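So you can see what is in the structure, the chains are spelled out below.
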Amino acid sequence: KRAGGIDAVVIAPGSAAATLPDPAAASWQQRLAGYSATADHVLTHAGWLRAAARHAVCTERPIRVMHLADAASPALRPAAQAVAQLARCGSLLRPELIDVFSIAVETAEPADHQPVAELTARLLWSGDATALRGAELVARPGWVGVRSHPGPSAAASYGTSAIPPWITDWLAESRS
């Protein structure tokens, strides 16, 4: 905070990874149930971004917003990708007032906290960081970088609402 107003906001809701089943031991039904929190994660980030944007507009004072999206488990990664899309849209809202950044944090390792903190500080306070507004930045164990959009690794279609008996084996094969 600088005298006279807020310059930056970091949005980093707590991790939900501890409440999700171990992906290696979970059935496909448990994995699917793990995605139920996706909307809540996105809505949390959207609510904080909305508040920051309103503040910037009301005060006519530029603000930078950093989303640190928990992506430490497979079920949280779609929410982190949606938050990156939210950052893209947020930066378009009022580009002269609002710069929005996002990092998908796919690591819970303490050794990775410092690089994420340094990147966050660089993006919030550097004059040349605006080129990375809306980029899909990611922090993985021992690595920080930019990711392109993912594509599906597999697709399945069948003609009824009943779950076919082969789906469990097929899902296991598609992971490898």
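A. Representation of the overall build of the chain in the model. Summing up its helical and strand segments, the chain has five helices and five strands in all. When the helices and strands of the chain are placed in sequence order, the string is β-α-α-β-α-β-α-β-β-α. Element-wise, carbon and sulfur atoms account for 59% of the exposed surface of the chain, whose accessible area totals about 10,300 Å².

B. Just the sheet that holds strand 1 (residues 8–11), in detail. Taken together, five strands build an open sheet; the order of strands is 1-2-3-4-5 and the sheet is mixed. A strand with exactly one partner marks an edge of an open sheet, and here the two such strands are strand 1 and strand 5 (143–146). Sheet twist, expressed as the mean angle between neighbouring strand axes with direction ignored, is 20°. Across eight bridges, the pairing between strand 2 (residues 63–70) and strand 3 (residues 98–105) is parallel. Residue I63 lies in a different strand from strand 3, and its bridge partner there is I98. On the sheet, helix 3 (residues 77–93) packs against strand 2 and strand 3 and is oriented at approximately 170° with respect to strand 3. Set on the sheet, helix 4 (residues 113–125) makes contact with strand 1, strand 2, strand 3, strand 4 (137–140) and strand 5; between it and strand 2 the angle comes to about 155°.

C. Quick look at the pairing of strand 1. Because side chains alternate across strand 1, one face comprises the buried residues V9 and I11, and the other comprises A8 and V10, none of which is buried. The pairing of strand 1 with strand 2 spans four bridges and is parallel. Across the sheet, residue V10 finds its bridge partner in strand 2, namely M66.

D. Here's a closer look at the pattern of salt bridges. One pass over the full model with this rule turns up seven salt bridges. Note that R77 is salt-bridged to E106, the shortest N-O span being 3.7 Å. Placement of the pair is R77 in helix 3 and E106 in the loop between strand 3 and helix 4, with a sequence separation of 29 residues. A salt bridge links R133 to D99, with the shortest nitrogen-to-oxygen separation between them at 2.8 Å. One end of the pair, R133, is in the loop between helix 4 and strand 4; the other, D99, is in strand 3, with 34 residues separating them in the sequence.

E. Highlighting the nonpolar core. Judged by nonpolar contacts, the single largest core of 13 residues is most densely connected at M66, L68, I103 and L123. Elements represented by at least two residues in this core include exactly strand 2, strand 3, helix 4 and strand 4. No other element matches the four residues that helix 4 contributes to this core. Counting residues in hydrophobic clusters, the runner-up holds twelve residues, among them V9, A53, V65 and I98.

F. Here's a closer look at the pairing of strand 3. In terms of residue burial, strand 3 counts as a mostly covered element, since eight of its eight residues are buried. Alternating positions in strand 3 separate into two faces, I98, V100, S102 and A104 on one and D99, F101, I103 and V105 on the other, with burial throughout. A crossover links strand 2 with its parallel partner strand 3, the connecting element being helix 3, and its sense is right-handed. Following the chain from strand 3 across helix 4 to the adjacent parallel strand 4, one finds a crossover that is left-handed.

G. Region of the structure containing the packing of helix 2 (residues 38–59) against helix 3. The interhelical angle for the contact between helix 2 and helix 3, taken along N-to-C directions, is 20°, at an axis separation of 9 Å. Between helix 2 and helix 3, the angle is such that the two are roughly parallel. When the axes of helix 2 and helix 3 are compared, the crossing they make is right-handed. Between helix 2, through T38, H41, V42, H45, A46, L49 and A53, and helix 3, the contact on the second element is made entirely by P78, A79, A82, V83, L86, G90 and L93. Grouping the amino acids of the contact of helix 2 with helix 3 by side-chain chemistry returns ten nonpolar, four polar and no charged.

Rules and cut-offs
- Residues numbered from 1 in each chain as written.
- Predicted model: local features only at pLDDT ≥ 70, side-chain atom pairs only at ≥ 80, totals over all residues.
- Heavy atoms only, no water.
- Helix = DSSP H or I, 4+ residues; strand = E, 2+ residues; numbered from the N terminus.
- Areas by Shrake-Rupley, 256 points an atom, 1.4 Å probe, with all protein chains shown as cover.
- Pairing = 2+ DSSP bridges.
- Axes fitted to C-alpha atoms, helices over the stretch in contact; angles between N-to-C directions.
- Contact = heavy atoms within 4.5 Å.
- Buried < 20%, exposed > 50% of the residue type's maximum accessible area, 1.4 Å probe, protein only.
- Salt bridge = Lys/Arg side-chain N within 4 Å of Asp/Glu carboxyl O.
- Core = buried A, V, L, I, M, F, W, Y, C linked by side-chain atoms within 4.5 Å.
- Right-handed = clockwise from strand over helix to strand, strands pointing away.
- Parallel < 35°, antiparallel > 145°, perpendicular 65-115°, else oblique.
- Left-handed = near helix turned anticlockwise from the far one by under 90°.
- Nonpolar A, V, L, I, M, F, W, Y, C, P; charged D, E, K, R; others polar.

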